[in-house]
Amino acid sequence: MNNLATKPYQITRIPAFSDNYLWLVDNGQKALTVDPGDAAPIIAQLEEKNLTLEYILTTHHHPDHTGGVDELIERYQPIVVGPDSQYIPQVTRVVKDGEEIELLGLSLQVIAVPGHTLDHIAYFIDAPNPFGYPVLFSGDTLFAGGCGRVFEGTFQQMRGSLDKLKQLPDDTRIHCAHEYTQANINFALAVEPDNLSLQKRAEDVAVLRKAGIPTVPSELAIEKETNPFLRYDQAPIIQIAQQRENKKNLNEDDVFSSIRQWKDNF
Ligand code: ZN
Ligand code: FE
């Protein structure tokens, strides 16, 4: 007879709109969802797996991350966890940087990551945990191969936020909110054409995308090797930023800002 000692925890990636990923985490009975931009695909999953929705977690206020919140509240009355933000009035459990919260028997750390928006937070589940690896829900801050646009914060804030994420364990799996990887990698190749890990990654991503297979979650180790927005301290990136700005002595924020603005117009 099988000994089912550990609960069957699962993370499910739910595609929505043209390129969003909504996330569902469950322990076989109860569930939480991260960034439900749309309610319908979440409800479908909950019904299919016979789960009750206990919590909604939001990373930031954009509609593609919060659009389904009201409908899910009406249907399931979950606790809504999120940042202290005037733009997300549905939040009933405000969380702050450094806070640790226990949900579904999991311990989640809150990391403030301003830049894309000022209210942006990420959720981190360190190992050991039932998944067997550390898990990050990064919203629109760290993407596979890239990072979010800087809409509300400064480049300095965004670089600081990415630097915090860079300190997480190398085997952390990055559950971001969009499938932007191929475009991100194309840009990364323009920034750092001689990076061998990046060339290899570009090939892998092309194969996956051609077959319609998601490239998310990604792993922090490969992001550190190939994502230009985590590599503002690396010689080839500093060099190309210096060329573009026609300046020497750029600091890390200047390098990051140069590369991020290049991507905005790429
Ligand atoms: Zn966003
Ligand atoms: Fe988004």
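(A) Representation of the coordination of the iron ion (ligand 2). Protein coordination at the iron ion (ligand 2): the donors are D64 (OD), H65 (NE2), D140 (OD) and H178 (NE2), at 2.1 to 2.3 Å from the metal. Each of the 4 donor atoms around the iron ion (ligand 2) contributes to a set of angles spanning 83 to 167 degrees, which defines the coordination as irregular. Taken in sequence order, the residues that donate to the iron ion (ligand 2) follow the motif D-H-x74-D-x37-H.

(B) The packing of aromatic side chains, seen in detail. The full count for this structure, using the stated rule, is 10 aromatic pairs. Plain terms: the ring middles of Y21 and W23 are 6.2 Å apart, the flat faces sit at 55 degrees to each other, and that makes the pair tilted. An aromatic cluster of three or more residues is present, and its members are F187, F229, Y232, F256, W262 and F266. Lying across the ring of Y133, R173 places its NZ or CZ 3.6 Å from the centre.

(C) Representation of unusual backbone geometry within the structure. Of the consecutive residues A127 and P128, the connecting peptide bond is found in the cis state with omega at 0 degrees. For the bond from V216 to P217, the omega torsion is 5 degrees, close enough to zero to count as cis. Looking at where P217 falls in the secondary structure, it is placed in the loop between α6 (196-210) and β14 (218-219). With a phi angle near 55 degrees, L104 is a residue other than glycine that sits in the positive phi range. Structurally, L104 is set in the loop between β7 (100-103) and β8 (106-112). L104 sits in the buried class, given a relative accessible area of 10%.

Parameters and conventions
Residues numbered from 1 in each chain as written. Chains lettered and ligands numbered in written order. Predicted model: local features only at pLDDT ≥ 70, side-chain atom pairs only at ≥ 80, totals over all residues. Heavy atoms only, no water. Donors = N, O, S within 2.8 Å, 3.2 Å for Na, K, Ca; no water. Tetrahedral: all angles 85-135°; square planar, octahedral: opposite > 155°, others 65-115°. Phe/Tyr/Trp six-rings, centres within 6.5 Å; stacked < 30°, edge-to-face > 60°. Lys NZ or Arg CZ within 6 Å of the ring centre and 35° of its normal. Helix = DSSP H or I, 4+ residues; strand = E, 2+ residues; numbered from the N terminus. Buried < 20%, exposed > 50% of the residue type's maximum accessible area, 1.4 Å probe, protein only.

Nothing here speaks to function; it is all geometry.
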